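Examination of the molecular architecture
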Amino acid sequence: LESRIDNHTNKHPTMMKTTLNYLLLSTLAATASAFTNVAPVQNEISRSCATELKMANDKDLIRWARSSRTASADDRSVELKRPLGLVLEEDDSGNVYVETVAPRGNAARSGMIKEGDIVVMCSATFGDQLWSTRGVGLTRVLSAIRVRAGPTVTLVLENTADRDRKAKMTTKAAKAAEDARARAKEKKDQLMTQLEADERKLKKGKFLGLF
């Protein structure tokens, strides 16, 4: 058998050399392709992480906003007399925004409302409380304004920059709360470990005291 292989190799040296070159080129091409595909995969992972982070920020912001009943100190809160002098519209996410500010209307006179602003809170039917209007749709916001008792309506508005800033602050606050819970748990675990150690010492002392 060995002699046959040697004879075959001797008779066809060109064929063997061509085959080896082909295999070598194929391997190099596959390796180069693998390295070339690393960058797009890393870019895709980065984009995916950024998208997931933004979604998490938005969810935290909406959850926090819907639980609020008053405007915070840094919110842009505007009290307007009726008629408001605004044309409101709804986006694909159910958020209500200012489409038009009437030139000589009450909103324009306030100087605090711009076209494109998002209405994030609105007066409740009675009293000074506000309720979140994030994602609730145009119909509910218009109904709230219409049934509001009294001559004025309070709106809280924000633009894109305000929204991004609040999302970051909300996420930072949530992380701080999570860190505080983790520290409290760690301290509790340390105290429990110390108590167990002290208990073992007491038991050992009682045991030795019997003799």
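Details of the overall build of the chain
- Helix and strand content of the chain: six helices and six strands.
- In the chain, the order of α-helices and β-strands from amino to carboxyl end is α-α-α-β-β-β-α-β-β-α-β-α.
- Every one of the 211 residues in the chain was classed for burial, and the buried ones make up 25%.
- Total accessible area computed for the chain in this model is approximately 15,400 Å², and 60% of it derives from carbon and sulfur atoms.

A few points about helix α5 (residues 138-147)
- Taken together, the buried positions of α5 are Leu138, Val141, Ala144 and Ile145. Down the axis of α5, the sector holding all buried residues measures 130°, keeping them to one side. Of the exposed residues in α5, the ones pointing more than 90 degrees away from its buried face are Thr139, Arg140 and Arg146.

Brief notes about the nonpolar core
- With 20 residues, the main nonpolar core has Leu80, Leu86, Leu88, Ile113, Ile145 and Leu155 as its most contacted residues.
- Contributions of two or more residues to this core are made by β1 (76-81), β2 (86-90), β3 (96-101), β4 (118-123), α5 and β6 (152-158).
- The element contributing the most residues to this core is α5, with four residues.
- The residues contacting leucine 80, other than those within four sequence positions of it, are Leu86, Asn106, Ala107, Ser110, Ile113, Pro151, Thr152, Val153 and Leu155.

With respect to unusual backbone geometry
- Here arginine 82 and proline 83 are connected by a cis peptide whose omega angle stands at -10°.
- Mapping proline 83 onto the fold places it in the loop between β1 and β2.

Comments concerning the pairing of β6
- Of all seven residues in β6, seven are buried; the element is thus mostly enclosed.
- Alternating residues of β6 divide into Thr152, Thr154, Val156 and Glu158 and Val153, Leu155 and Leu157, and every residue in both groups is buried.
- Note: β1 against β6, six bridges, orientation antiparallel. What sits directly across from serine 77, in β6, is valine 156.
- Here β4 pairs with β6 via four bridges, running antiparallel. The residue bridging methionine 121 from the neighbouring strand is valine 156, located in β6.

Conventions adopted
Residues numbered from 1 in each chain as written. Predicted model: local features only at pLDDT ≥ 70, side-chain atom pairs only at ≥ 80, totals over all residues. Heavy atoms only, no water. Helix = DSSP H or I, 4+ residues; strand = E, 2+ residues; numbered from the N terminus. Buried < 20%, exposed > 50% of the residue type's maximum accessible area, 1.4 Å probe, protein only. Areas by Shrake-Rupley, 256 points an atom, 1.4 Å probe, with all protein chains shown as cover. Arc of directions from axis to C-beta. Core = buried A, V, L, I, M, F, W, Y, C linked by side-chain atoms within 4.5 Å. Contact = heavy atoms within 4.5 Å. Pairing = 2+ DSSP bridges.

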